[in-house]
Amino acid sequence: MSSRSAVLTPRQWEVLRAVLRLEKQGGDSCLTASALAEDLGLARQNLRDHLLTLHGRGFLNYHARPRQVALLSLTPAARAALGAPAGFPLLGEVAAGLPALADGGVQERVTRLDDILPMREGDFLLRVRGESMLGLGIFPGDVVAIRPADVAQNGEVALVLIPGENAGTLKRWQQRGRAVTLHSENPAFEPMRFPVSDVQVQGVLVGHIGLGGARRSARGQP
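Bear in mind the structure is a predicted one, so any value in this text is a computation, not a measurement.

Calculation criteria
- Residues numbered from 1 in each chain as written.
- Predicted model: local features only at pLDDT ≥ 70, side-chain atom pairs only at ≥ 80, totals over all residues.
- Heavy atoms only, no water.
- Helix = DSSP H or I, 4+ residues; strand = E, 2+ residues; numbered from the N terminus.
- Buried < 20%, exposed > 50% of the residue type's maximum accessible area, 1.4 Å probe, protein only.
- Contact = heavy atoms within 4.5 Å.
- Areas by Shrake-Rupley, 256 points an atom, 1.4 Å probe, with all protein chains shown as cover.
- pLDDT = per-residue confidence, 0-100.
- Core = buried A, V, L, I, M, F, W, Y, C linked by side-chain atoms within 4.5 Å.
- Expected span 1.5 Å × (residues − 1).
- Arc of directions from axis to C-beta.

### What about the overall build of the protein?
Assigned secondary structure in the protein consists of six helices and 11 strands. Counting across all 222 residues of the protein, residues that qualify as buried make up 46%. For the protein, restricting intrachain contacts to residue pairs at least 6 apart in sequence, the fraction spanning at least 24 positions comes to 59%. About 10900 Å² of surface is accessible on the protein, with carbon and sulfur atoms providing 50% of the total.

Now the structure itself:
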């Protein structure tokens, strides 16, 4: 046990073990602070205090922003202390066509991804569904790397939640004044326009991994 992990309280260890358990179970509950609080039988504010402490001590990636779903994942230090496999979390799917809920469950761990992508601690992966980003070479079934962020610059490809759907979608961000247009990279998909205040940025694209099988399927080839 490292000196850093020795300072954790029994309750904080319980929180880390619960996050690990929910990761293995899959589903989006592992990323929701309210679901974690229910699992542990803790008040949300009490849990938030533990999450902030664990984040500050380097054991938890905790991204809590106003009006957004809190993203929770264990850091390499926490996974090592718990004896869990290391790697970046593959969290589920994101729509690149019609908006659909992003599944927050950790499906698997990917090791040494930083050898090929400029990833850093806190980044996460999503598997693409839909064909709206084909112009960037992002096909259904490809994996995109996302860096958590609450703002996007014009021209960046961002993961956003659109109003009324609580839906995660991958689009190119273009803001003018108080309006934003979300552009696809496929002429078959019309731009989506919203007031900036109604659209929540969840992260920006770091890179992606193309899968040969996904490309053949998207093009209708055997």
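That was the structure; now back to the text.
### Some details on the confidence of the model for the protein
Mean pLDDT over the protein stands at 78; residues scoring 70 or higher make up 71%. The secondary-structure element of the protein with the lowest mean pLDDT is helix H6 (residues 212–218), recorded at 53, while strand S9 (residues 179–183) shows the highest, at 96.

### Let's talk about the nonpolar core
One recurring pattern in soluble globular proteins is that nonpolar side chains are buried together. Membership of the largest hydrophobic core comes to 22 residues, with the highest contact counts inside it found for Leu16, Leu36, Leu47, Leu51 and Leu60. If you tally residues by element for this core, the top one is helix H2 (residues 10–25), at seven residues. Core analysis: the next-biggest nonpolar cluster, separate from the first, contains 13 residues, Val160, Leu182, Met192 and Phe194 among them.

### Thoughts on H2
When the terminal C-alpha atoms of H2 are compared, their 22 Å separation across 16 residues agrees well with the 22 Å that a helix rising 1.5 Å per residue should span. Residues Gln12, Trp13, Val15, Leu16, Ala18, Val19, Leu20, Leu22 and Glu23 constitute the buried set of H2.

### Remarks on helix H3 (residues 33–40)
Inspection of H3 places Leu36, Ala37 and Leu40 among the buried residues, and these make up the whole buried set. For H3, the arc enclosing every buried residue in end-on projection is 100 degrees, short of the 170-degree limit, so these residues lie on one face.

### Observations regarding the side chain of His50
Examined against the element boundaries, His50 turns out to sit in helix H4 (residues 44–56). Not counting chain neighbours up to four residues away, the residues in contact with His50 comprise Arg11, Gln12, Val15 and Leu42.

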